[in-house]
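# Results of the structural survey
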Amino acid sequence: MQRLRDVMLDAPDEFDPARLPARFEEARRVIRAALADTDAAGIPDTTLAAVLMGEAVPRLVGTYGPDHAARILAMFAGCLGASVPSSHQ
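This is a predicted model, so every value here is computed, not measured. (Residues numbered from 1 in each chain as written. Predicted model: local features only at pLDDT ≥ 70, side-chain atom pairs only at ≥ 80, totals over all residues. Heavy atoms only, no water.)

## Notes on the overall build of the protein chain
Across its full length, the protein chain carries three helices and zero strands. Along the protein chain, helices (α) and strands (β) appear in the sequence α-α-α when read from the amino end. When the 89 residues of the protein chain are sorted by exposure, 9% land in the buried category. (Helix = DSSP H or I, 4+ residues; strand = E, 2+ residues; numbered from the N terminus. Buried < 20%, exposed > 50% of the residue type's maximum accessible area, 1.4 Å probe, protein only.)

## Quick notes on helix α2 (residues 24-41)
Along an α-helix, residues three or four apart share an orientation, since each turn contains 3.6 residues. Taking 1.5 Å of rise per residue, the 18 residues of α2 would be expected to cover 26 Å, and the 26 Å separating its terminal C-alpha atoms lies within 8% of that figure. Just downstream of α2 lies Gly 42, where phi reads positive at about 75°. (Expected span 1.5 Å × (residues − 1).)

## A look at a nonpolar patch on the surface
Taken together, Met 53, Leu 73, Met 75 and Phe 76 make up a surface patch of nonpolar side chains, about 380 Å² in accessible area. For Met 75, the position within the fold is in helix α3 (residues 45-83). Met 75 sits in the partly exposed class, given a relative accessible area of 47%. (Patch = residues over 30% accessible without salt bridge, like charges linked within 9 Å, V, L, I, M, F, W, Y side chains within 5 Å. Areas by Shrake-Rupley, 256 points an atom, 1.4 Å probe, with all protein chains shown as cover. Salt bridge = Lys/Arg side-chain N within 4 Å of Asp/Glu carboxyl O.)

## Let's talk about unusual backbone geometry
With phi around 65°, Arg 23 is a residue other than glycine that occupies positive phi space. Within the fold, Arg 23 resides in the loop between α1 (2-10) and α2. On the basis of relative accessibility, which here comes to 59%, the residue Arg 23 falls in the exposed class.

By themselves these figures say nothing about function.
In structure tokens:
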């Protein structure tokens, strides 16, 4: 799984600027700076993932409502499941 994680993190940012919410680039810079701090502090990815989900899910629900937030998470799960290598490395 580490290999899949690294591939996903190294993927180029290919976003259509017309479809991004206001201040997307600014928010991404802030989040990426915080993520760099967690790497430097040695915070494990499992802890980081739990914190990020704990912060993201309430915002998804607040922004889109519970039904649409569930659809978004299901869509992400489907995309991730389709990308998992058969060897599960």
